[in-house]
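Single-letter residue listing:
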Amino acid sequence: MSQKNIESVDPAKSKEPENDNDLDANSNSTAEAEAGAPKEDAPADFDKAIDAAGFGIFNLLLLFVSIPAQSAAIFESSSMSFILPVAECDLRLTLEDKGVLNAVAYAGMTISAIAWGYLADTKGRKKILYWGYLIDAVCVFGSALSQNFIMLVVFKFLGGLVVNGPAAVLFTYLTEMHGPKHRSSVLMIVGMVTSTATISLPLLAWGIFPRDWDFEVVGLTIHSWQIYLFVLGIPSLVSGLIFCAMPESPRFLMAQGRTEEALQAFQHIYHVNTRKPKDTYPIKQLVQEVPSRKANRDEVIYTIEEKTGEKVPQKPQSRTLMESLRSGLAQMKPLAHKPLLRLSLLLYIMQFGIFLGMNTIRLWLPQLFASMAQYEAEFDGATASLCTVLEFSVNKTAETALDYANACSEPKEISMDMYINNIIVSACGFVGYFFAGGIMKALGPKRLMTYGLYISGTFGLLLYFSVSSLMTLIVSALFLTITGIAVSSLLGAVVALFPTQLRTVVVAIAMMCGRFGALSGNLLFPVFVQIGCLPPFIMVSSVLLLAGTLSIFVPNPAKATFS
């Protein structure tokens, strides 16, 4: 805290005897104990204010809300992979159509990334969260009512476009509602929620798809896969409604210079956590944080000053979208020069390759397991290599498109093996998440990233040599688990290797590159499958091995020099 702010404390309370020799030892120890507590009249920064609000019911409620909120984002990007085998006849899907449905949500996410970042930093976290999730619920319910391929593609694209905002802001909102002591634990819990949501997708499919739920509502034909999509829209609706009642992030309000509103938010959190009156909240004044308008014209990273004794506008000067874009580009200038240019390009290419390989296999796996089950049912339980199953799947899909009447004369029955296999793969990822921290400590983040990418690239090619459904299950589960750990290592490297003021920008661009990789992989996979069995697995393996090779040239995050 600046000297200026220290001097602004009420003089009446600062008139104390300089010598306390008359006081006994107990008084001295009491004074020392009270020195650590926040003074009511001293302006408090964010960390002191949020710690004074305590940890209790409000924080638990916030973590409870994160369950449907984070699940909504996972459901939006992954739900199509589970309905492809079931909706093939209803939507008359070709192999290319399936690739488009898997990829289209990522297209929306890629396009909207920059716009959502601007809105979150100007309009606030709360508005993005409740409007974003409510609009996403409308998009998911619209996809559940889709009667044809085009209608479903449009709603999935809009869903990806919309959910990208609240999904990204959720992490920021959660960290801004907790003090330093609890932030890492909160993010760990969100990671567990993500893994749980991934497991819930095949569990819900198992519970809904086998049901004979075909009926009409106001002229719309509804099938079991549409009920599945409707159920997946409920978390978005619930999240949006709950976030309407949540307070704005006090961290955001303080950064905007709206300290009175920030103090009210802290008081509300304190009241819910302690069940004490709001006026008993020990902090009475917050540090005034506003961007210094005395900065140079081209300067973007403004100095934060603490101002308590002078008049300060309650809101910082507003900027237009173009001014914000120019400011953002100016702030990103260091990324266009050495040494950050080379490092950032390495990480972007790695993120593109990892997401292409991981999400291509992950989103096509339910279709592959369904084709395996269908092949074994048609050939009296005979096992076959993955290439044989792929050829069988391509032929069946082509037959459905060319001879719809015969191919879809009877409802398709999906074997239980398809659901069980997907649940096992998701559960392996969940278990791997718990061991990731220990493995990272043992090997170090760079070694884990390099070894993980080389191993996952090898497993990606090994899928081509799979000779049975059991081998395919084991190899794919290991592939997705190890690749997921490598992604965590890469994001950890970004945090450690880039200056604080550039980390958010680099992570945002890296995620955009990753989503573009997922989009590309899912569009290319059906094209390569029709060429032959080997090309799609060479694509997956080569990008991961390339990412592993590039990781050798990434500095060791443990020896990072940036702060």
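An account of the accompanying structure is given in this report. None of these values were measured; they are calculated from a predicted model.

What follows concerns the overall build of the protein chain. Helices and strands together make up the secondary structure of the protein chain, namely 22 helices and four strands. Look at the contacts in the protein chain between residues 6 or more apart in sequence, and 80% of them connect residues 24 or more apart. When the accessible surface of the protein chain is summed, it comes to about 26,900 Å², and 62% of that surface belongs to carbon and sulfur atoms.

Tallying each qualifying case throughout the model produces two cavities of 30 Å³ or more. Counted as a void, the largest cavity has a volume near 70 Å³. Looking at the largest cavity, the residues that line it are Leu95, Trp364, Gln367, Leu368, Leu390, Ser393, Val394, Phe525, Pro526 and Val529. Elements represented by at least two residues in the lining of the largest cavity include exactly helix H15 (340-378), helix H16 (386-402) and helix H21 (500-531). Grouping the amino acids of the lining of the largest cavity by side-chain chemistry returns eight nonpolar, two polar and no charged. Of the volumes computed, that of the second largest cavity is approximately 60 Å³. Considering the residues around the second largest cavity, the lining is formed by Ala72, Phe75, Glu76, Ser79, Asp136, Val140, Lys156, Leu229, Leu232 and Ser236. Of all the elements in the fold, those that place two or more residues in the lining of the second largest cavity are helix H5 (57-78), helix H8 (125-144) and helix H11 (224-244). The class makeup of the residues in the lining of the second largest cavity is five nonpolar, two polar and three charged.

Moving on: the nonpolar core. In this structure, Ile83, Phe209, Tyr228, Leu229 and Met350 are the most contacted members of the largest nonpolar core, which totals 87 residues. In terms of residues, this core owes the most to one element, H15, which gives 18 residues. Not counting the four nearest positions on each side in its chain, Tyr228 is found in contact with Ser79, Phe82, Ile83, Leu201, Leu204, Ala205, Ile208 and Phe209. Within the second largest apolar cluster, 38 residues are counted, among which are Leu63, Ala120, Met246 and Ile269.

Residues Val431, Phe434, Phe435, Ile439, Leu443, Tyr451 and Ile455 make up a contiguous nonpolar surface patch of about 640 Å² in total accessible area. At the level of elements, helix H18 (416-443) and helix H19 (445-462) are the ones that each hand at least two residues to the nonpolar patch. Tracing the backbone through its elements, the reader meets Val431 in helix H18.

Across its 17 residues, H16 extends 24 Å between first and last C-alpha, which sits within 8% of the 24 Å expected from 1.5 Å per residue. For H16, every residue scored as buried is listed here: Leu386, Cys387, Val389, Leu390, Phe392, Ser393, Val394, Thr397 and Thr400.

With that settled, consider helix H6 (residues 80-91). Relative to the 16 Å expected for 12 residues at 1.5 Å per residue, H6 spans just 13 Å between its end C-alpha atoms, considerably shorter than the ideal helical length. The buried fraction of H6 amounts to 11 of the 12 residues, a majority that puts the element mostly inside the structure. Note on H6: the residue one or two positions beyond its end, Arg92, has a positive phi of about 50 degrees.

With that out of the way, let us pick up the state of the cysteines. Think of a disulfide as a covalent bridge from one cysteine sulfur atom to another cysteine sulfur atom. Taken as a whole and assessed by the stated rule, the structure comprises one disulfide. Note that Cys387 is cross-linked by a disulfide to Cys533, the S-S spacing being 1.8 Å. Here the S-S torsion is close to -80 degrees, and the disulfide linking Cys387 with Cys533 is therefore left-handed. Separated by 146 residues along the polypeptide, Cys387 in helix H16 and Cys533 in the loop between H21 and helix H22 (534-551) bring together distant segments of the chain. Across this residue pair, the class does not change: Cys387 and Cys533 are buried.

Basis of the calculations
Starting afresh in each chain, residues are numbered from 1 along the sequence in its written order. It should be noted that, the model being predicted, local features are given only for residues of pLDDT at least 70 and side-chain atom pairs only at 80 or more, the latter also being counted only at that level, while totals for whole chains, interfaces and linings use all residues. Working from all heavy atoms in the structure, the side-chain values ignore hydrogens and water. Going along the chain from the N terminus, every DSSP run of H or I of four or more residues is numbered as a helix, and every run of E of two or more is numbered as a strand. By the convention used here, residues are in contact when the closest approach between their heavy atoms is within 4.5 Å. Working definition of accessibility: Shrake-Rupley area with a 1.4 Å probe, residue cover restricted to the visible protein chains. Of the two site types, the cavity is a set of points on a 1 Å grid over the protein atoms alone where a 1.4 Å probe fits but cannot get out, and the pocket is an open set with protein on both sides within 12 Å along at least five of seven lines, each lined by residues with an atom within 4 Å of a point. Grid points are joined across faces, edges and corners, and a volume is the space filled by probe spheres set on the points. In this classification, Asp, Glu, Lys and Arg are treated as charged, Ala, Val, Leu, Ile, Met, Phe, Trp, Tyr, Cys and Pro as nonpolar, and every other residue, Gly included, as polar. Residues grouped as a nonpolar core are buried Ala, Val, Leu, Ile, Met, Phe, Trp, Tyr and Cys residues, joined through side-chain atoms within 4.5 Å. Categorising residues by exposure relies on relative accessible area from a 1.4 Å probe, with only protein chains included: less than 20% of the type maximum marks a residue as buried, more than 50% marks it as exposed, and the intermediate range marks it as partly exposed. Surface patches are drawn from residues lacking salt bridges whose relative accessible area is over 30%; two like charges belong together within 9 Å, two nonpolar side chains (Val, Leu, Ile, Met, Phe, Trp, Tyr) within 5 Å. Here a salt bridge means any side-chain nitrogen of Lys or Arg lying within 4 Å of a carboxyl oxygen belonging to Asp or Glu. Expected span of a helix, by definition, is 1.5 Å for each gap between consecutive residues, and there is one gap fewer than residues. In what follows, a disulfide is any cysteine sulfur pair within 2.5 Å.

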